[in-house]
Amino acid sequence: MKALVYHGPGHRSWENVPEPVIQDPNDVIVRVDAVTICGTDLHILGGDVPEVESGRILGHEAVGTITAIGDGVRNRKVGDRVLVSCISACGVCRFCREGAYGQCIGGGGWILGHLIDGVQAEFARIPFADTSTHLLPTSVTDEAAVLLADILPTSYEVGVLNGRVRPGDTVAIVGAGPIGLAAVLTARLYSPSRIVVIDTAPHRMEAALKIGATDIVEVGTDPVATLREMTDGLGADVVIEAVGRPETFELCTKLVRPGGHVANIGVHGQPATLHLEDLWIRNVTITTGLVDTFSTPTLLRMLAAEQIETGGFVTHRFGIEEMEDAYDVFSRAGESGALKVVLFRT
Ligand SMILES: [Zn+2]
Ligand SMILES: [Zn+2]
């Protein structure tokens, strides 16, 4: 079969590899029907995630059909159409028992396309299948479902829930890539009065307005002053960081009101400065996190009931064999206008 293989920083290729086989009784094999490329994959290719070994198949966001199951799998069968979560869960360790699957110490957590081969391939082995896949209702399309593999639960749990968005709040979201846009969509579930998106790229800010942002602010135009004007001089109730750079994190801590929340979602590769000399007196709560995906079943129900509308996210569609082209388009998002790219089995 073909798969997208990482060959060290800056190098990848869509090449022939052996088909995956069941290695553990809790495994399933899925035929990949839809798969996406994540900003995290670009971080890996940039050398920011050194534990990813050369020869690794990338990818952690997919929808597929089960083609083989291990003897220990109890609630999945061949032919089931499933969402493959970016987080695998052993289901029995201390963290899994608390729903903190991202921190799993029983062999799960973020392993797909990281510590084991991932889903940017024609077939993939998925461990802990009972607790790491979700059966999909027929009414939910592959294209919508694949957004629940990572970006929607990540933005919802690490951004909106950690940030404690409440009705009437002013929410500021720094960064309008797919994660920031998903934060706009899931923040709306809590009826904030304003969702202010701060970014640099016109195509992303336009997408944010379509998805439900009430205001957009360009980074160059003093967003701190703009937010203060909007909020009687106070700042935003909740600020969500969806970029992952020191300057954007530090901006978030300036945008928040006294007593407010800063929820960091961004994947950081560099140290940021925590200005405690300014922050200590302002009762600010700062949270960070890796997604646990405990909210995926809830989001799936809302998707099936059309309570969330994911139409604004996918800008480019490819056949899976066009993986290299899809990577080119996604990694040049500034020129191509790409938000989420999805590849389908042909
Ligand atoms: Zn991802
Ligand atoms: Zn576990």
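Up top you'll find the structure we're talking about.
As the structure is a prediction and not an experimental result, all values here were calculated from the model.

### Section: the pairing of strand β12 (residues 256-264)
Here strand β11 (residues 236-241) runs beside β12; their pairing, made up of five bridges, is parallel. Note on β12: the bridge partner recorded for Glu 241 is Asn 264. Of the pairings in the sheet, the one linking β12 to strand β13 (residues 285-287) comprises three bridges and is parallel in character. Among the inter-strand pairings, His 261 is bridged to a residue of β13, identified as Thr 285.

### Digging into the nonpolar core
Note on soluble globular proteins: their nonpolar side chains tend to be buried together. With 85 residues, the main nonpolar core has Val 30 and Ile 240 as its most contacted residues. Considering each element in turn, this core owes the most residues, six residues, to helix α6 (residues 178-187). Beyond its immediate stretch of four places on either side in the chain, Val 30 contacts Gly 64, Thr 65, Ile 66, Thr 67, Val 82, Val 84, Glu 122, Phe 123, Ala 124 and Ile 126. Ile 198, Leu 227, Leu 251 and Cys 252 belong to the second largest nonpolar core, which has 16 residues in total.

### A look at helix α7 (residues 202-211)
Of the positions making up α7, those classed as buried are Met 205, Ala 207, Ala 208 and Ile 211. Buried residues of α7 fall within an arc of 155° about the axis and therefore sit on the same side. Among the exposed residues of α7, those pointing more than 90 degrees away from its buried face are Pro 202 and Lys 210. Summarising the contacts, the buried residues of α7 are in contact with α6, β9 (194-199) and β10 (215-218). Two residues or fewer past α7, Gly 212 is found with a positive phi of approximately 135°.

### Remarks on the environment of Gln 307
Along the chain, Gln 307 falls in the loop between α11 (296-304) and β14 (314-319). With a relative accessible area of 54%, Gln 307 lands in the exposed category. Sequence separation between Gln 307 and Tyr 101 is 206 residues, and the spatial gap between their C-alpha atoms is 25 Å.

### Quick notes on the packing of aromatic side chains
If you walk through the whole model with that rule in mind, you get zero aromatic pairs. Across from the ring centre of Phe 95, 5.7 Å away, lies the NZ or CZ of Arg 94, which sits over that ring.

### Focus: the layout of surface pockets
In this structure, the second largest pocket spans a volume of roughly 230 Å³. In this structure, the second largest pocket is lined by 13 residues; those nearest its centre are Thr 141, Ala 144, Leu 303, Ile 308 and Thr 310. By residue class, the composition of the lining of the second largest pocket is six nonpolar, four polar and three charged.

### Examining unusual backbone geometry
Excluding glycine, residues mostly have negative phi values, and the peptide bonds linking residues are mostly trans. Here Arg 164, not a glycine, exhibits a phi torsion of approximately 55°, which is positive. Relative to the helices and strands, Arg 164 resides in the loop between α5 (151-161) and β8 (170-174). Classification of Arg 164 by relative accessible area gives exposed; the value is 57%. Of note in the backbone geometry, Thr 293 takes a positive phi value of approximately 65° without being a glycine. Inspection of the secondary structure puts Thr 293 in the loop between β13 and α11. Judged by relative accessible area, Thr 293 falls into the buried class, the value being 7%.

### Topic: the coordination of the zinc ion (ligand 1)
Coordination sphere of the zinc ion (ligand 1), protein contribution only: Cys 38 (SG), His 60 (NE2), Glu 61 (OE) and Asp 150 (OD), at 1.9 to 2.3 Å. With four donor atoms in place around the zinc ion (ligand 1) and angles of 99 to 125° between them, the coordination shape is tetrahedral. One chain supplies every donor for the zinc ion (ligand 1), spaced along it as C-x21-H-E-x88-D. You can see Cys 38 sitting in the loop between β3 (28-36) and α1 (39-45) and its partner His 60 sitting in the loop between α1 and β4 (62-69), a full 22 residues away along the chain.

### Description of the pattern of salt bridges
Scanning the entire structure with this criterion turns up 17 salt bridges. The shortest N-O distance in the salt bridge between Arg 204 and Asp 199 comes to 2.8 Å. One network of salt bridges, with partners in common, ties together Arg 12, Glu 324 and Asp 328.

### Digging into helix α12 (residues 323-331)
Within α12, burial applies to Met 323, Ala 326, Tyr 327, Val 329 and Phe 330. Seen end-on, α12 carries its buried residues on one side only, within an arc spanning 165°.

Cut-offs and rules
Residues numbered from 1 in each chain as written. Chains lettered and ligands numbered in written order. Predicted model: local features only at pLDDT ≥ 70, side-chain atom pairs only at ≥ 80, totals over all residues. Heavy atoms only, no water. Pairing = 2+ DSSP bridges. Helix = DSSP H or I, 4+ residues; strand = E, 2+ residues; numbered from the N terminus. Core = buried A, V, L, I, M, F, W, Y, C linked by side-chain atoms within 4.5 Å. Buried < 20%, exposed > 50% of the residue type's maximum accessible area, 1.4 Å probe, protein only. Contact = heavy atoms within 4.5 Å. Arc of directions from axis to C-beta. Phe/Tyr/Trp six-rings, centres within 6.5 Å; stacked < 30°, edge-to-face > 60°. Lys NZ or Arg CZ within 6 Å of the ring centre and 35° of its normal. 1 Å grid on protein atoms, 1.4 Å probe; cavity = no way out; pocket = protein on both sides within 12 Å on 5 of 7 lines; lining within 4 Å. Points joined across faces, edges and corners; volume = space filled by probe spheres on them. Nonpolar A, V, L, I, M, F, W, Y, C, P; charged D, E, K, R; others polar. Donors = N, O, S within 2.8 Å, 3.2 Å for Na, K, Ca; no water. Tetrahedral: all angles 85-135°; square planar, octahedral: opposite > 155°, others 65-115°. Salt bridge = Lys/Arg side-chain N within 4 Å of Asp/Glu carboxyl O.

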